[in-house]
Amino acid sequence: MKLRTFILLLPLLLVCCKKENTTPVPSIKEGVIDTIIHANLKRTFLVRVPQTVNRTRPVPLVIVFHGTTSNGIIMEGATHFTEIAEREGFIVAYPDGYEYP
């Protein structure tokens, strides 16, 4: 139940809880590794934001999940969603499992 709640709330946390600032978006090749705390567990994830994204408009977010023996960085290399995000103009997030930071 807690995992289901986390999965359902992750897009909301990633999109709605952003801080308004003037910091430039890192290039898609740099990405951002960030952390949230859920159910007293530190959850990390890699986010790639294309430079072409218009920050004043809603942008699609694709979350790429992995199996139990993988992590976000491995999934990024296996799926190539970062390249697709750059070409198609969406944000992509690769969450880690809590045992694979």
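This text goes with the structure placed above it.
Report follows, based on the coordinates.

Cut-offs applied
- Residues numbered from 1 in each chain as written.
- Predicted model: local features only at pLDDT ≥ 70, side-chain atom pairs only at ≥ 80, totals over all residues.
- Heavy atoms only, no water.
- Pairing = 2+ DSSP bridges.
- Helix = DSSP H or I, 4+ residues; strand = E, 2+ residues; numbered from the N terminus.
- Axes fitted to C-alpha atoms, helices over the stretch in contact; angles between N-to-C directions.
- Contact = heavy atoms within 4.5 Å.
- Buried < 20%, exposed > 50% of the residue type's maximum accessible area, 1.4 Å probe, protein only.
- Arc of directions from axis to C-beta.
- Polar contact = N/O pair within 3.5 Å; in protein donor to acceptor, adjacent residues only side chain to side chain.

### A few points about the pairing of strand β1 (residues 32-38)
Of the pairings in the sheet, the one linking β1 to strand β2 (residues 41-48) comprises seven bridges and is antiparallel in character. Its bridge partner being in β2, His 38 is matched across the sheet by Leu 41. From the end of β1 to the start of β2, which pair antiparallel, there are two residues, and Ala 39 there has a positive phi angle of about 55°.

### Quick look at the sheet that holds strand β3 (residues 61-63)
An order of β1-β2-β4-β3 is seen for the four strands of this open sheet, with the pairing classed as mixed. Across the chains shown, the open sheet's two edge strands, defined by having one partner strand only, are β1 and β3. Averaged over all adjacent pairs, the angle separating strand axes in this sheet is 30°, with direction ignored. When β3 meets strand β4 (residues 91-95), the two strands line up parallel, connected through three bridges. Counted as the bridge partner of Leu 61 is Ile 91 from β4. Packed on one face of the sheet, helix α2 (residues 72-79) meets β2 and β4 and runs near 130° to β4.

### A word on α2
Residues three or four positions apart in an α-helix share a direction because the helix packs 3.6 residues into each turn. Looking only at α2, the buried set comprises Gly 72, Met 75 and Glu 76. Across the axial projection of α2, the buried residues extend over an arc of 105°, all falling on one side. Turned more than 90 degrees away from the buried face of α2, the exposed residues are Ile 73 and Ala 78. Each element contacted by the buried residues of α2 is listed here: β2, α3 (81-88) and β4. For α2, the N-terminal cap is Asn 71; the gap from its side-chain oxygen to the backbone nitrogen of Ile 73 is 3.0 Å. Just downstream of α2, His 80 is the residue with a positive phi angle, here 60°.

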